[in-house]
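Tertiary structure, described
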Amino acid sequence: GTVALLLAIVSLLNIFFSLGIGTGMQHYLSYFLGRNDYGTIRNIIYRFTIISILLASAGLVFIYIASPVFAYLFFHTFKYIFLIKLVGIDLFFSVLSGLLGQMLWGIQKFKSQARWNIIGVIISYSLPVIFLYTFRNVSLIVIGWAAGNAFSAIVFLVILLRIIGRGAKGEGSFPSSQIIKYSIPVFLSSLIGYGATYVDRFIVSYLLNLSLLGIYNFALLISSAISFIVGPFSTILLPKLSEMYGKGDKDSMKYSISKGIEIMSTVYVPIALLVASLSPYILLFLSNREYLPASYPIMIVLVTGSLFVSGNILAVAIQSVRKTRIFIITSSVALLSNFTVSFLLIPKMQMIGAALGYSSVTVTSFFVL
């Protein structure tokens, strides 16, 4: 439960201090790639690398100052203050690696980003497991997370600095305000969207207890693991569609969106339904009988996700043509839906009510998109 809550705090602040500019950088870097304007691409990378470092530093300072508030509100004790301050180091590198990695996506260096990110992720998850089994100390888990994110951030920074150094200084002028203008709706919707996807967990924590939160969070962990199928489609489609938008090739955009939905549904749906049907056995394999109640939330989330999985492609399509204000509507409706359903059903149905609230986010977002 403690680990789940720490991850929830880092996820919220990561969104907040990224300001949504990662998506804006992705779109505009690919847009100018479609126009063969490499000078502007280098200009954007240079300026937003500095901005990324400043945002990550602001996150570190904020969590250090606000740690007593987080400890009191969510842990109901001040003994976790040091642990929350330590999470600030992970937040710094998490924000930095996320933004720098999205720049690499924008210039379509997919293999480079993936290669080094894989190593970073392996470090982020293997070190905590080793530390946990060796020392039984939650603080060392946080240090393990930070080490993996630090590795990815440093490597991404080196790659981007090399790209900047290849061109002449001062070429390719482009106003940063355009990217920020594009990104503000994404930022607001991401912030609201975080609430939409996490409000059920906070209500479980508030109305029930950390043990049930730990079991419920494990259900969502297994359910969201299937999103590894969705991730590559979104990652690659946004830069590719943005490049097509830069070229004015609308026919290719329509074809790519249609095929993206078709292929993703073909891959995602059978795997999601298989995991849903085998969820009790998966839980027994990964944990113990105390986690078996998590099978019902897994089934609810994955079946709902299978029905509305194409919403992920629709969201990318809207981003690629700069209609980002729509996401404020989708996330607001999703937040209201999850809060209402969770608050009404969690006291009566506990984790099943939370899963219904969480799943309502997918449904409402799809119909707005």
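Refer to the preceding data block for the structure.
My aim in this report is to walk through the structure given alongside it, one point at a time. Computed from a predicted model, the values in this text were never measured in an experiment.

Attention now goes to the overall build of the chain. A tally of helices and strands in the chain yields 15 helices and zero strands. Rg of the C-alpha trace for the chain: 21 Å, near the compact-globule value of 21 Å for 369 residues, within the 12% margin. For the chain, the computed accessible surface area is about 17,400 Å², with 68% contributed by carbon and sulfur atoms. Considering the chain, the positive charge centre built from 24 side chains and the negative charge centre built from 9 side chains are found 5 Å apart.

What follows covers the pattern of salt bridges. Under the criterion given, the structure shown has two salt bridges. One salt bridge connects Lys247 with Glu243, and the closest N-O pair in it is separated by 3.5 Å. On the criterion of helical spacing, the pair formed by Lys247 and Glu243 is a turn pair, its members being four residues apart in helix H9 (residues 230-247). Looking at Glu243, the relative accessible area reads 15%, which means it is buried.

Evaluated as defined, the whole model comprises one cavity of 30 Å³ or more. As for the largest cavity, its lining consists of Ala4, Leu5, Ala8, Arg201, Phe202, Leu213 and Asn217. Of all the elements in the fold, those that place two or more residues in the lining of the largest cavity are helix H1 (2-18), helix H7 (176-207) and helix H8 (210-225). With three residues, H1 is the largest single contributor of residues to the lining of the largest cavity. Among the residues forming the lining of the largest cavity, the class breakdown is five nonpolar, one polar and one charged.

Inspection of the secondary structure puts Ser360 in helix H15 (residues 351-368). Setting aside chain neighbours within four positions, we find Ser360 in contact with Ser337, Asn338 and Val341.

Before going further, it helps to examine the environment of Ile122. Of note, Ile122 is situated in helix H5 (residues 110-135). Considered as a pair, Ile122 and Trp145 are 23 residues apart in the sequence and their alpha carbons are 9.8 Å apart.

So, on to helix H13 (residues 311-320). Taking burial as the measure, the ten residues of H13 include eight buried ones, the bulk of the element. Residues of H13 that are buried include every one of Gly311, Ile313, Ala315, Val316, Ala317, Ile318, Gln319 and Ser320, and no others. Residue Arg322 follows H13 closely and has a positive phi angle near 65°.

Next up on the list: the packing of helix H10 (residues 250-277) against H13. Geometry of a packed helix pair, given as the angle between the helix axes and the separation of the axes. Contact pair H10 / H13: the axes reach a minimum separation of 9 Å and the direction vectors enclose 160°. Taken together, the axes of H10 and H13 lie roughly antiparallel to each other. Crossing angle aside, the handedness with which H10 passes H13 is right-handed. Of H13, the residues touching H10 (which contributes Met253, Ile257, Gly260, Ile261 and Met264) are Asn312, Ile313, Leu314, Ala317 and Ser320. Partitioned by chemical class, the residues of the contact of H10 with H13 number seven nonpolar, three polar and no charged.

Our next topic: a nonpolar patch on the surface. Residues Val69, Tyr72, Leu73 and Phe78 make up a contiguous nonpolar surface patch of roughly 450 Å² in combined accessible area. What makes Val69 partly exposed here is its relative accessible area of 48%.

Let us look at the packing of aromatic side chains. Going through the model one piece at a time under the given rule, you end up with 18 aromatic pairs. Ring geometry for Phe16 and Phe187: centres 5.8 Å apart, planes at 65°, overall edge-to-face. With Phe16 in helix H1 and Phe187 in helix H7, this pair connects stretches of sequence that are 171 residues apart. Put simply, the rings of Phe16, Phe17, Phe62, Phe70 and Phe187 touch in pairs and so form one group of aromatic residues. Positioned above the aromatic ring of Tyr64, the side-chain terminus of Lys85 is 4.5 Å from the ring centre. When the ring centre of Tyr31 is taken as reference, the NZ or CZ atom of Arg322 above it lies at 4.4 Å.

Look at H1 against helix H4 (residues 81-106): their axes get within 9 Å of each other, and the N-to-C directions meet at 45°. Relative to H4, the element H1 lies oblique. You can see that H1 and H4 cross each other, and the crossing is right-handed. Together, Thr2, Leu6, Val10, Leu13, Asn14, Phe17 and Ser18 of H1 and Leu83, Ile84, Val87, Asp90, Leu91, Ser94, Val95 and Leu99 of H4 make up the contact between the two elements.

Turning our attention to the side chain of Asn149. If you trace the backbone, Asn149 turns up in helix H6 (residues 138-164). Classification of Asn149 by relative accessible area gives buried; the value is 18%.

With that out of the way, let us pick up unusual backbone geometry. Although it is not a glycine, Asn36 sits at a positive phi angle of roughly 55°. Inspection of the secondary structure puts Asn36 in the loop between helix H2 (21-34) and helix H3 (38-75). On the basis of relative accessible area, Asn36 is assigned to the exposed category, the value being 54%. One non-glycine residue, Gln350, lies in the positive phi region at around 50°. Inspection of the secondary structure assignment puts Gln350 in the loop between helix H14 (326-349) and H15.

What follows deals with H3. Remark: the principal bend of H3, roughly 60°, maps to Ala66, with a proline, Pro68, within the next four residues. Backbone geometry just after H3 places His76 at a positive phi near 60°.

Definitions and cut-offs
Residues numbered from 1 in each chain as written. Predicted model: local features only at pLDDT ≥ 70, side-chain atom pairs only at ≥ 80, totals over all residues. Heavy atoms only, no water. Helix = DSSP H or I, 4+ residues; strand = E, 2+ residues; numbered from the N terminus. Rg over C-alpha atoms; globule rule 2.2 N^0.38 Å. Areas by Shrake-Rupley, 256 points an atom, 1.4 Å probe, with all protein chains shown as cover. Lys, Arg positive; Asp, Glu negative; His and termini not counted. Charge placed at Lys NZ, Arg CZ, Asp CG, Glu CD. Salt bridge = Lys/Arg side-chain N within 4 Å of Asp/Glu carboxyl O. Buried < 20%, exposed > 50% of the residue type's maximum accessible area, 1.4 Å probe, protein only. 1 Å grid on protein atoms, 1.4 Å probe; cavity = no way out; pocket = protein on both sides within 12 Å on 5 of 7 lines; lining within 4 Å. Points joined across faces, edges and corners; volume = space filled by probe spheres on them. Nonpolar A, V, L, I, M, F, W, Y, C, P; charged D, E, K, R; others polar. Contact = heavy atoms within 4.5 Å. Axes fitted to C-alpha atoms, helices over the stretch in contact; angles between N-to-C directions. Parallel < 35°, antiparallel > 145°, perpendicular 65-115°, else oblique. Left-handed = near helix turned anticlockwise from the far one by under 90°. Patch = residues over 30% accessible without salt bridge, like charges linked within 9 Å, V, L, I, M, F, W, Y side chains within 5 Å. Phe/Tyr/Trp six-rings, centres within 6.5 Å; stacked < 30°, edge-to-face > 60°. Lys NZ or Arg CZ within 6 Å of the ring centre and 35° of its normal. Bend = angle between axes of the 7 residues up to and from the residue.

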